[in-house]
Amino acid sequence: MKKVFLSILFLTLTFAGCQNNQQNIEEQKVDSVTITETDSSEPETVQKETNYFPAIDRYLTNSIGSKYTKGEHCVPIHSIVRVDERDAEDIKVWGDFWVFNYNLVGDTLECVSGGSHPGLLHIRQTEKGFEVTAFDQVEDGSRYLPTAKKIFGDKFNAFKIINSDEKNRERLRAEGLATYVKKHNIAATKYKDYGWPEKQLPLE
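Attention here is on the structure that accompanies the text. Sequence order as written defines the numbering, with residues in each chain counted from 1. Local features in this predicted model are restricted to residues whose pLDDT is 70 or higher, and side-chain atom pairs enter the listing and the counts only when it is 80 or higher, whereas totals over whole chains, interfaces and linings include all residues. Side-chain numbers here rest on the full set of heavy atoms in the structure, without hydrogens or water.

### Some thoughts on the overall build of the protein chain
Phase 1: Strands here mean DSSP runs of E at least two residues long; helices mean DSSP runs of H or I at least four residues long; both are numbered from the N terminus. The helix and strand tally for the protein chain stands at four helices and eight strands.
Phase 2: Ordered by position in the sequence, the α and β elements of the protein chain form the string β-β-α-β-β-β-β-α-α-α-β-β.
Phase 3: Only protein chains enter the calculation, and the probe is 1.4 Å; a residue is then buried if its accessible area is under 20% of its type maximum, exposed if over 50%, and partly exposed in between. When each of the 204 residues of the protein chain is scored for burial, the buried share is 47%.
Phase 4: Considering only intrachain contacts with a sequence separation of at least 6, the fraction spanning at least 24 residues in the protein chain is 59%. Only heavy atoms matter for contacts: two residues are in contact if any of them lie within 4.5 Å across the pair.

Okay, here's the thing in structure tokens:
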């Protein structure tokens, strides 16, 4: 697990989806379908997950984001390296996962905490959607490189390209934050990290 705080953050963001330029990196998109229940006189509409990104977001928010200094908004983000969906009981998602907590100050989302957690998520498909069952995380310090190579295996080079592409990561972060702001009706037009100038959110 590699944690990076505030003033040195250059981030990866794919809150509503995953985008990258690396060949052979699989991309997914978050969406949902409406299911109508028919066991009552007044049908009830419920949302059923059609892919595993909501489950990833819940896990990052509840299991990892809660360990950082709390903010008003916890925004999980992820840049996917590869997925293996052959086993619905153990869907494997390799990626560079991040969690960041923000406070809204005026019209600006200010980052108060967060960090990077690359690794392999194990996900199970259920009747109602998906749930994360385990997370193999890359370790800190001297254990970072050997554990990253072990977890990513033949996908390690793809991971390195994603992890080192700061320009693309910042673009994805801004786009994901804009999606989050729109989805949750937050009165924010800018975002910033401690010690860095504020930036405009791409809200158009």
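### Quick look at the nonpolar core
Phase 1: Take the buried residues of types Ala, Val, Leu, Ile, Met, Phe, Trp, Tyr and Cys, join any two whose side-chain atoms come within 4.5 Å, and each joined set is a nonpolar core. Core analysis: the biggest nonpolar cluster contains 19 residues, and Tyr52, Ile56, Val93, Phe97, Leu121 and Ile123 have the highest contact counts within it.
Phase 2: Take this core: its biggest share by element is five residues, from helix α1 (residues 53–64).
Phase 3: Apart from residues no more than four positions distant in its own chain, Phe97 is found in contact with Ile56, Leu60, Ile77, His78, Ile80, Gly115, Ser116, His117, Pro118, Gly119, Leu121 and Phe135.
Phase 4: Counting residues in hydrophobic clusters, the runner-up holds 15 residues, among them Ile77, Leu109, Tyr180 and Ala188.

### Topic: the side chain of Thr108
Phase 1: You can see Thr108 is positioned in strand β5 (residues 108–125).
Phase 2: Of the residues examined, Thr108 reaches a relative accessible area of 3% and is grouped as buried.
Phase 3: Separated by 3.3 Å, the side chains of Thr108 and Asp107 make a polar contact.
Phase 4: For Thr108, the contacting residues outside a window of four places in its chain are Asn103, Lys190, Tyr191, Lys192 and Glu198. Polar contact criterion, stated in full: a pair of N or O atoms within 3.5 Å, where within protein one must be able to donate a hydrogen and the other to accept it, and residues adjacent in sequence count only if both atoms are side-chain atoms.

It is worth stressing that arrangement in space is one thing and function is another; only the former is reported here.
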